[in-house]
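# Structural overview for review
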Amino acid sequence: MQIGIIGLPYSGKSTIFSTLLKHKTEEPGGKLTTERGIVKVPDERLDKLTAMFNPKKKVNATIEYLKVPGLDKDSSQGLSSQFLANLKTVDTLLIVIRNFENEIYPHPLNRVDPKADIILINSEFIISDLAIVETRLEKLNKMILKMPTDKDKKEFALMEKLRDHLEQERPLREMEFSEAEFQLLRGYQFLSAKPALYVLNIAENMISEAAAIEAGLSALLTKNSALTTLSAEIEKEISDLEEEDARVFMDDLNISEPALNKLIRTSYDLMGFISFFTVGEDECRSWTIRKGTNAQRAAGVIHSDLEKGFIRAETVHYSDLISHGSLNACKDNGLLRLEGKEYAVKDGDILNIRFNL
Ligand SMILES: Nc1nc2c(ncn2[C@@H]2O[C@H](COP(=O)(O)OP(=O)(O)OP(=O)(O)O)[C@@H](O)[C@H]2O)c(=O)[nH]1
Ligand SMILES: [Mg+2]
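What you see is a predicted model, and the numbers here were worked out from it, not measured in a lab. (Residues numbered from 1 in each chain as written. Chains lettered and ligands numbered in written order. Predicted model: local features only at pLDDT ≥ 70, side-chain atom pairs only at ≥ 80, totals over all residues. Heavy atoms only, no water.)

### Observations concerning the packing of aromatic side chains
Any two aromatic rings considered together are summarised by their centre-to-centre distance and by the angle between their planes. Tallying each qualifying case throughout the model produces 5 aromatic pairs. For the pair Tyr-10 and Tyr-105, a centre-to-centre distance of 5.1 Å together with 65° between the ring planes defines the contact as edge-to-face. One end of the pair, Tyr-10, is in the loop between strand 1 (2-7) and helix 1 (13-20); the other, Tyr-105, is in the loop between strand 5 (92-99) and helix 4 (114-146), with 95 residues separating them in the sequence. Residue class for Tyr-10 comes out partly exposed when judged on its relative accessible area of 31%. The class of Tyr-105 is partly exposed, set by a relative accessible area of 28%. One cation-aromatic arrangement involves Arg-285 over Trp-287; the distance from NZ or CZ to the ring centre is 4.0 Å. (Phe/Tyr/Trp six-rings, centres within 6.5 Å; stacked < 30°, edge-to-face > 60°. Helix = DSSP H or I, 4+ residues; strand = E, 2+ residues; numbered from the N terminus. Buried < 20%, exposed > 50% of the residue type's maximum accessible area, 1.4 Å probe, protein only. Lys NZ or Arg CZ within 6 Å of the ring centre and 35° of its normal.)

This is the structure we're talking about:
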């Protein structure tokens, strides 16, 4: 599961990426290669569990981010094939939108207008998707004329539906698809169908206005998209400081945690992920599953043997454990359940898998 970081030139992609990874950034306008990095998903619950069980190791869930350069303001040529190829493996887009002035590195269109940038980027994707759909419709049309099949006719009808939607300048991510349609569309990698997290990169002196700015853009949000605000420069400063100094710095700015934490959690949610935990003296750990995953499959995320030999999942919810103070107290109060294979694991469940090989 990967998130691709994209955005217009000088929007702050490298600053955000390198801060996510706590590395130094390259010069603006620099390297045109993609870079990838694994980032821990911050989770206060895991911190509390770690304090309770005092294990040797704490292991956070992770997300992989990919910085994908090459989204240019000059769209006369369309999106570059390199850019499109780089986005192939990406499930979700993190779109950096600029909302700061910087005379040395000006916006490519010499403007600070987040609304216009969101529309511009979406229309690039819509145009690119529309070209794919039209090519496919032509091809299907020929195939159906030669030899009509149900399969091709179905796909033709679906492609027409996509074309109508795209022609209204709407991204595909807001459409509902059946499972069969979804499978049919998978191979096409439509950009406007990927879930999108807009990250508004605002000037350092504007963070107190963040909520108002977000509200002003909320009308642009569709299904499968979200918006979060940060100042890349501030986030970079926080990450460069020792924990103690960072605390003081954040207190001064009246912020309770780095905005990057929220960004990471929001991208996790947008991808449809939830976490369950395992706890013990050796290790407290957060695991990633899709919403709706059953207990047996969730066991397989830990180890394939646990899935194969699955018997039951001893389950207690994080909030019950915290409110009762210990696993034993949960047991005494009937809060430690034995769940079977088909149990849909909930966000915040603590599991202990009983298995037999
Ligand atoms: N004032 C201000 N400057 C910023 C902010 N974020 C980034 N910058 C500056 O803007 C310039 C471009 O930032 P980058 O992170 O390199 O942007 P980029 O999107 O990676 O740029 P390219 O890779 O060249 O397309 C750098 O000089 C940053 O220091 C911000 O929040 N406020
Ligand atoms: Mg860059």
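### Notes on unusual backbone geometry
For Tyr-10, which is not a glycine, the phi torsion comes out positive at approximately 60°. Positive phi, close to 50°, is recorded for Asn-54, a residue that is not glycine. Considering the arrangement of structural elements, one finds Asn-54 in the loop between helix 2 (44-53) and strand 3 (57-59). Residue Asn-54 is classed as exposed on the basis of its relative accessible area, which comes to 65%.

### Notes on the pairing of strand 9 (residues 283-290)
The pairing of strand 3 with strand 9 spans 3 bridges and is classified as parallel. If you follow Lys-57 over to strand 9, its bridge partner there is Glu-283. Counting the residues that bridge the hairpin from strand 8 (residues 273-278) to strand 9 gives 4 residues. (Pairing = 2+ DSSP bridges.)

### Description of the confidence of the model for the protein
Taken over all residues, the pLDDT of the protein has a mean of 92, while the share at 70 or more is 96%. Averaged over each element, pLDDT in the protein is lowest for helix 3 (residues 81-86) (84) and highest for strand 10 (residues 310-317) (98). (pLDDT = per-residue confidence, 0-100.)

### Describing the sheet that holds strand 6 (residues 196-202)
Pairing is mixed in the open sheet, where 6 strands are placed in the order 2-4-1-5-6-7. Edge strands, defined here as strands with exactly one partner in the open sheet, are strand 2 (35-40) and strand 7 (225-230). Pairwise comparison of adjacent strand axes, ignoring direction, gives a mean angle of 25° for this sheet. Judged from the 4 bridges that link them, strand 1 and strand 4 (residues 62-67) form a sheet pairing that is parallel. Paired with Gly-4 across the bridge in strand 4 is Leu-66. (Axes fitted to C-alpha atoms, helices over the stretch in contact; angles between N-to-C directions.)

### What to know about the nonpolar core
Formed by 28 residues in total, the largest nonpolar core has its most connected members in Ile-6, Phe-83, Leu-87, Ile-95 and Phe-125. Of all the elements in the fold, those that place two or more residues in this core are strand 5, helix 4, strand 6 and helix 7 (210-217). Not counting residues up to four positions away in its chain, the partners in contact with Leu-87 are Ile-6, Val-68, Leu-93, Gln-189, Leu-191 and Lys-194. Grouped together as the second largest cluster of nonpolar side chains are 26 residues, Ile-5, Tyr-65, Leu-230 and Leu-270 included. (Core = buried A, V, L, I, M, F, W, Y, C linked by side-chain atoms within 4.5 Å. Contact = heavy atoms within 4.5 Å.)

### So, the pattern of salt bridges
Taken as a whole and assessed by the stated rule, the structure comprises 20 salt bridges. Between Arg-36 and Glu-64 there is a salt bridge, and its shortest N-O distance comes to 3.5 Å. With Arg-36 in strand 2 and Glu-64 in strand 4, this pair connects stretches of sequence that are 28 residues apart. Among the salt bridges present, the one from Arg-285 reaches Glu-283, with a minimum N-O distance of 3.7 Å. Exposure remark for Arg-285: the relative accessible area of 25% places this residue in the partly exposed category. (Salt bridge = Lys/Arg side-chain N within 4 Å of Asp/Glu carboxyl O.)

### Here we look at the packing of helix 5 (residues 150-167) against helix 6 (residues 179-186)
Contact geometry of helix 5 with helix 6 gives a least axis separation of 11 Å together with a crossing angle of 85°. On the basis of their axis angle, the class for helix 5 and helix 6 is roughly perpendicular. Only Glu-181, Leu-184 and Leu-185 of helix 6 make contact with helix 5, whose side of the interface consists of Glu-155, Leu-158, Met-159, Lys-161 and Leu-162. Across the contact of helix 5 with helix 6, the residue classes tally to 5 nonpolar, no polar and 3 charged. (Parallel < 35°, antiparallel > 145°, perpendicular 65-115°, else oblique. Nonpolar A, V, L, I, M, F, W, Y, C, P; charged D, E, K, R; others polar.)

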